[in-house]
Amino acid sequence: MKTRKAVGAIVTHKNRFLIVRKVTINTRMGKELQNGTWDFVKGRVEDEDETAEASMRRELLEETGSVAYTLKKRFNETISFGFPEKIQTKIGYHNQITTMFHFEYVGDGKDLEANDKEINKICFVHEQALLSLLEHEESKEFFTRNRSQIISKK
């Protein structure tokens, strides 16, 4: 088994945060439906991506349908975690290391529509709702640890 390299973005717009509801996971056998989880925009780094930022911009387009983003920061800290054993077998990866970014959404909201069936909802939420909706502890903990860098940049 190997490590999956991924990217993720905390996207802000005014005083809210963009989150997506993911309803499929990519397995070795193709896409598999799941119960849907709220998270930041994240995705696997592809071989054709020239940089982590290019990979993140591709994921933003795929998951939100928009290119209206301004890069604010690339975090030095990553999100790292191991996959549960039953997931490891399905996806072929033991763990994941996610390079995280802070982007600001600069669009009008009319362009937000997922280009990928992996996502069934996109929304902006206030911080309190964000912390209650995020379903991956690693995402919550990363946000909480880096909150002052994100909030002060807005």
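Preceding this paragraph is the structure being described.
Residues numbered from 1 in each chain as written. Predicted model: local features only at pLDDT ≥ 70, side-chain atom pairs only at ≥ 80, totals over all residues. Heavy atoms only, no water.

Participant: Would you mind going over helix H4 (residues 137-151) with me for this structure?
Facilitator: For an α-helix, 3.6 residues make a turn, and residues three or four places apart therefore share a direction. Helix length check: H4, at 15 residues, gives a terminal C-alpha distance of 20 Å against a target of 21 Å (1.5 Å per residue), a fit within 8%. The largest bend along H4 measures about 55° and falls at Arg-145. Considered for burial, the residues of H4 that qualify are Ser-139, Phe-142, Phe-143, Asn-146 and Ile-150. (Helix = DSSP H or I, 4+ residues; strand = E, 2+ residues; numbered from the N terminus. Expected span 1.5 Å × (residues − 1). Bend = angle between axes of the 7 residues up to and from the residue. Buried < 20%, exposed > 50% of the residue type's maximum accessible area, 1.4 Å probe, protein only.)

Participant: How do you make sense of the layout of surface pockets when you look at a structure like this?
Facilitator: If you roll a probe as big as a water molecule over the atoms, it shows you where there is empty space left. In this model, the largest pocket occupies a volume close to 920 Å³. Forming the walls of the largest pocket are 36 residues, and the residues nearest its centre are Arg-4, Thr-24, Ile-25, Phe-83 and Gln-96. Put simply, the parts of the chain that give the lining of the largest pocket at least two residues each are strand S1 (2-13), strand S2 (16-27), strand S3 (30-39), strand S4 (41-44), helix H1 (52-64), strand S5 (69-82), helix H2 (85-91) and strand S6 (93-105). In terms of residues, the lining of the largest pocket owes the most to one element, S3, which gives six residues. (1 Å grid on protein atoms, 1.4 Å probe; cavity = no way out; pocket = protein on both sides within 12 Å on 5 of 7 lines; lining within 4 Å. Points joined across faces, edges and corners; volume = space filled by probe spheres on them.)

Participant: Which parts of the structure should I look at to understand H1?
Facilitator: Look at H1: 18 Å from first C-alpha to last across 13 residues, which is about the 18 Å you get at 1.5 Å a residue. Buried within H1 are the following residues: Ala-52, Ser-55, Met-56, Arg-58, Glu-59, Leu-60, Glu-63 and Thr-64. Backbone geometry just downstream of H1 places Gly-65 in the positive-phi region, at approximately 75°.

Participant: How should the packing of aromatic side chains be read in this particular structure?
Facilitator: Enumeration according to the criterion identifies eight aromatic pairs in this entry. Aromatic pair Phe-17 and Phe-143: ring centres 5.2 Å apart, planes at 85°, arrangement edge-to-face. Residue Phe-17 is found in strand S2, and its partner Phe-143 is found in helix H4; the two are separated by 126 residues along the sequence. Across this residue pair, the class does not change: Phe-17 and Phe-143 are buried. (Phe/Tyr/Trp six-rings, centres within 6.5 Å; stacked < 30°, edge-to-face > 60°.)

Participant: How should the nonpolar core be read in this particular structure?
Facilitator: Generally speaking, soluble globular proteins have nonpolar side chains that are buried together. One finds Val-11, Leu-18, Met-56, Leu-60, Tyr-69 and Phe-103 to be the most contacted residues of the largest nonpolar core, which totals 16 residues. At the level of elements, S1, S2, H1, S6 and strand S7 (119-125) are the ones that each hand at least two residues to this core. The residues contacting Phe-103, other than those within four sequence positions of it, are Ala-9, Ile-10, Val-11, Thr-12, Glu-53, Met-56, Arg-57, Leu-60, Tyr-69, Thr-70, Leu-71 and Lys-72. (Core = buried A, V, L, I, M, F, W, Y, C linked by side-chain atoms within 4.5 Å. Contact = heavy atoms within 4.5 Å.)

Participant: Sorry, what's going on with the pattern of salt bridges here?
Facilitator: Any two side chains of opposite charge can pair, so long as their charged atoms come close to each other. Inspection of the entire model under this criterion finds 11 salt bridges. Of the charged contacts, one joins Glu-62 and Arg-58 as a salt bridge, the two residues approaching to 3.1 Å between their closest N and O atoms. On the criterion of helical spacing, the pair formed by Glu-62 and Arg-58 is a turn pair, its members being four residues apart in helix H1. Salt bridges linked by common partners bring Asp-49, Arg-58, Glu-59 and Glu-62 together as one network. (Salt bridge = Lys/Arg side-chain N within 4 Å of Asp/Glu carboxyl O.)

Participant: Looking at this structure, I do not really get the side chain of Thr-64. What am I missing?
Facilitator: You can see Thr-64 is positioned in helix H1. Under the relative-accessibility criterion, Thr-64 is labelled buried at 0%. Here the side chain of Thr-64 touches Tyr-69 through a polar contact of 2.6 Å, side chain to side chain. (Polar contact = N/O pair within 3.5 Å; in protein donor to acceptor, adjacent residues only side chain to side chain.)

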